[in-house]
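Survey of secondary and tertiary structure
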Amino acid sequence: MASRRLSLNSACCLLLYFVAAVLAGRDFYKILGVSKSASIKDIKKAYRKLALQLHPDRNPDDPQAQDKFQDLGAAYEVLSDEEKRKQYDAYGEEGLKEGHHSSHGDIFSSFFGDFGFMFGGNPRQQDRNIPRGNDIVLDLEVTLEEVYSGNFVEVVRNKPVAKEAPGKRKCNCRQEMRTTQLGPGRFQMTQEVVCDECPNVKLVNEERTLEVEIEQGVRDDMEYPFIGEGEPHIDGEPGDLRFRIKVMKHPVFERRGDDLYTNVTISLAEALVGFEMDITHLDGHKVHILRDKITKPGAKLWKKGEGLPNFDNNNIRGSLIVTFDVDFPREQLTEQQREGIKQLLKQKPLQKVYNGLQGY
Amino acid sequence: MRLKRVFHEQIFMTLFLLLVCVSLQCQCRESEFNYVTCGSLVKLLNIKHNVRLHSHDVKYGSGSGQQSVTGVEVPDDANSYWRIRGKPNAPCQRGVAIKCGQSIRLTHMNTGRNLHTHHFVSPLSGNQEVSAFGENGEGDDLDVWAVQCSGIHWERDDDVRFKHVGTDVFLSITGEQYGHPIKGQREVHGMSSANYNNYWRTMEGVFIKPSAEPLRHDEL
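Quick caveat, the model's predicted, so the values are computed rather than measured. (Residues numbered from 1 in each chain as written. Chains lettered and ligands numbered in written order. Predicted model: local features only at pLDDT ≥ 70, side-chain atom pairs only at ≥ 80, totals over all residues. Heavy atoms only, no water.)

Considering the nonpolar core
If you look at the biggest cluster of nonpolar residues, it comprises 41 residues, and the most contacted ones within it are L140, F243, V322 and F324 of chain A. Not counting chain neighbours up to four residues away, the residues in contact with F243 of chain A comprise L138, L140, V155, V212, M222, E223, Y224 and F226 of chain A together with V206 of chain B. The next biggest cluster of nonpolar side chains, apart from the first, holds 33 residues, and it includes C38, I98, L115 and I173 of chain B. (Core = buried A, V, L, I, M, F, W, Y, C linked by side-chain atoms within 4.5 Å. Buried < 20%, exposed > 50% of the residue type's maximum accessible area, 1.4 Å probe, protein only. Contact = heavy atoms within 4.5 Å.)

Following this line, the structure appears as structure tokens:
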């Protein structure tokens, strides 16, 4: 009897423990869908993907959308910070110090600019009457390694922001026609500049950090906009900051769409006899090549799946096309070598004359 | 007893110094983002005359007839943005801080032309004409300027000079103003003497931080 009661006790304790553990804090790794050993880059990528999916504007029918989104923001805030992540790993959510928690809005907008852009993006078209500041386009040079594996670029944006100032200023100035009466039946039309009165503003420089992702498979001239981060307009809204991707030339690989091209020079002996080699790819992994047949100059080898990831679906990859050319011996052969080769190859003189430019 | 106390004090001192050193390091790390880096987009303010380096699709009416470069008073014109790039055929790595003495090109964001100077006379002051030259960021060897600052790297709040590699003049403003159609804008020119007219500082902009290396899967 006593033993059964004891086991019941221990079962209750266990249950209580689990409940407490569950209530004690959220599993941030689970929320982001990453493993406990995920790198900061994986965490940022996961956050970016889920933030787009879970945003309340995208899920108007889900009553828990706001909560899920807040959880996501909290998870990212902790796991993206080295210090906080260590504390969380050791002590759970409870163990985190009460420090300054940047609002989720801040984190989200530093990744994506304003919310409006991602969801519909229509508000922009209605502002024909609102003056807009200039756009800024920054050419962001990326390497082929970054196109293959992806990367994040942090920038500090220092820009003038309109702040309230004492007094009034003239705004919405326009030309208007004024009619003045000079006498009975005589009128004069003059042009006048008429302004409204607005609260005074001054421009103060402010800074914030933005982050742009170089997505895998990104193509030349693709743009990543940050709404409102362009130049301000004193009477209207600020323009946008757009990052324009420029993929740089690479010394080894050439990109054509999702395919990569490269060339290998082999020796004459290797061309005739065969060879084995490794090509180091953009992320360091080796592509193995084994030839046991004769390799002609200009021969192409297709390695499927060794190209770049497709931008729209990272799981699809292009191919790596390797073109071989053969290096002929530099020095002239000795008489002995010439005889040796004639013996080895046992070829009769060939010397076929034809028109090579017309496909004969 | 006394010896023990002195010993304790020494330990305390060292720990304190260590803490100070560590916190200074941390401070350095925080404002490590005080550097001007390759690829960044910046506005440059002339300290003495309080105008920003600027260009636009308006050509000089004399001299070389190339695109003009001026100084403007307003702080919110997108035509005052210049991108920092390496020398021709020697691109600098994105995000890496520019060293004092390093040669760079300044490419005008909106027109894709490089800050340039050559042996032509400037229209108002008779100094050396500074223009914007090239297409899509490619001009010639006279697009190169050396950043002069004290210290090791160009920092955002440094007052720096730009010395032209090729004609050895300094990028300067002495206050002469244009009339219509660019009324009020100041003449920017090259002058051979180093003085308070050739100090510049970065203001607004987009400063690129160095990135981590993309993920590598090195096999053993």
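Focus: the side chain of H285 of chain A
Secondary-structure assignment places H285 of chain A in the loop between β8 (275-280) and β9 (286-291). In terms of polar contacts, H285 of chain A uses its side chain to reach the side chain of D283 of chain A, at 2.6 Å. (Helix = DSSP H or I, 4+ residues; strand = E, 2+ residues; numbered from the N terminus. Polar contact = N/O pair within 3.5 Å; in protein donor to acceptor, adjacent residues only side chain to side chain.)

With respect to the pattern of salt bridges
One pass over the full model with this rule turns up 31 salt bridges over all chains. Note that R132 of chain A is salt-bridged to D240 of chain A, the shortest N-O span being 2.7 Å. Residue R132 of chain A is located in the loop between α7 (115-118) and β1 (136-142), and its partner D240 of chain A is located in the loop between β4 (223-226) and β5 (241-247); the two are separated by 108 residues in the primary sequence. A relative accessible area of 8% means that D240 of chain A is categorised as buried. Note that K209 of chain B is salt-bridged to E154 of chain A, the shortest N-O span being 3.0 Å. With K209 of chain B in the segment after β12 (200-208) and E154 of chain A in strand β2 (residues 151-183), this pair bridges two chains. With a relative accessible area of 26%, E154 of chain A lands in the partly exposed category. One continuous salt-bridge network, built from bridges that share partners, spans R132, D135, E223, D240 and R242 of chain A. (Salt bridge = Lys/Arg side-chain N within 4 Å of Asp/Glu carboxyl O.)

What about the environment of A165 of chain A?
Residue and element names in this part refer to chain A. Mapped onto the secondary structure, A165 falls in strand β2. Owing to a relative accessible area of 19%, A165 belongs among the buried residues under this scheme. The spacing of A165 and L344 is 179 residues in sequence and 93 Å in space, taken between C-alpha atoms. What A165 contacts, discounting residues up to four positions off in sequence, is N200, V201 and K202.

A few points about the sheet that holds β1 of chain A
Residue and element names in this part refer to chain A. Read across the open sheet, the three strands follow the order β1-β5-β4; overall the sheet is mixed. In this open sheet, the two edge strands, each paired with only one partner strand, are β1 and β4. On average, each strand axis in the sheet is tilted by 25° relative to the strand beside it, whichever way the strands run. (Pairing = 2+ DSSP bridges. Axes fitted to C-alpha atoms, helices over the stretch in contact; angles between N-to-C directions.)

Quick word on the confidence of the model for chain B
Residue and element names in this part refer to chain B. For chain B, mean pLDDT is 88; residues scoring 70 or higher make up 85% of the total. Low pLDDT, under 50, characterises residues 21-31; the stretch is placed with zero contacts to residues that sit more than four places away or in other chains. Interface scoring of the predicted complex returns ipTM 0.81; its pTM is 0.75. (pLDDT = per-residue confidence, 0-100.)

Re the packing of helix α4 (residues 65-79) of chain A against helix α5 (residues 82-91) of chain A
To characterise two packed helices, one gives the angle between the axes of the helices and the distance between these axes. All names here are of chain A. Running from N to C, α4 and α5 point in directions that differ by 105°, and their axes come no closer than 6 Å. Comparing their axes, α5 and α4 come out roughly perpendicular. For the pair α4 and α5, the contacting residues are E77, V78 and L79 in the first and K84, R85 and Y88 in the second. Split by residue class, the contact of α4 with α5 holds three nonpolar, no polar and three charged. (Parallel < 35°, antiparallel > 145°, perpendicular 65-115°, else oblique. Nonpolar A, V, L, I, M, F, W, Y, C, P; charged D, E, K, R; others polar.)

Here we look at the state of the cysteines
Residue and element names in this part refer to chain B. By the definition in use, this model includes two disulfides over all chains. Between the sulfur atoms of C38 and its disulfide partner C92 the distance amounts to 1.9 Å. On the S-S bond that ties C38 to C92, the torsion sits near 80°, and the link is right-handed. Residue C38 is found in the loop between α1 (2-30) and β1 (41-46), and its partner C92 is found in the loop between β4 (82-85) and β5 (103-108); the two are separated by 54 residues along the sequence. Using a relative accessible area of 17% as the deciding quantity, one classes C92 as buried. Here C100 connects covalently by a disulfide to C149, the sulfurs 1.9 Å from one another. What sets the handedness of the C100 and C149 disulfide is the S-S torsion sign, and at about -110° it is left-handed. Placement of the pair is C100 in the loop between β4 and β5 and C149 in the loop between β8 (145-148) and β9 (161-164), with a sequence separation of 49 residues. The burial state of C100 is the same as that of C149; both residues are buried. Each bonded cysteine of chain B is numbered by sequence order, and under that numbering the disulfide pairs are 1-2, 3-4. (Disulfide = S-S within 2.5 Å.)

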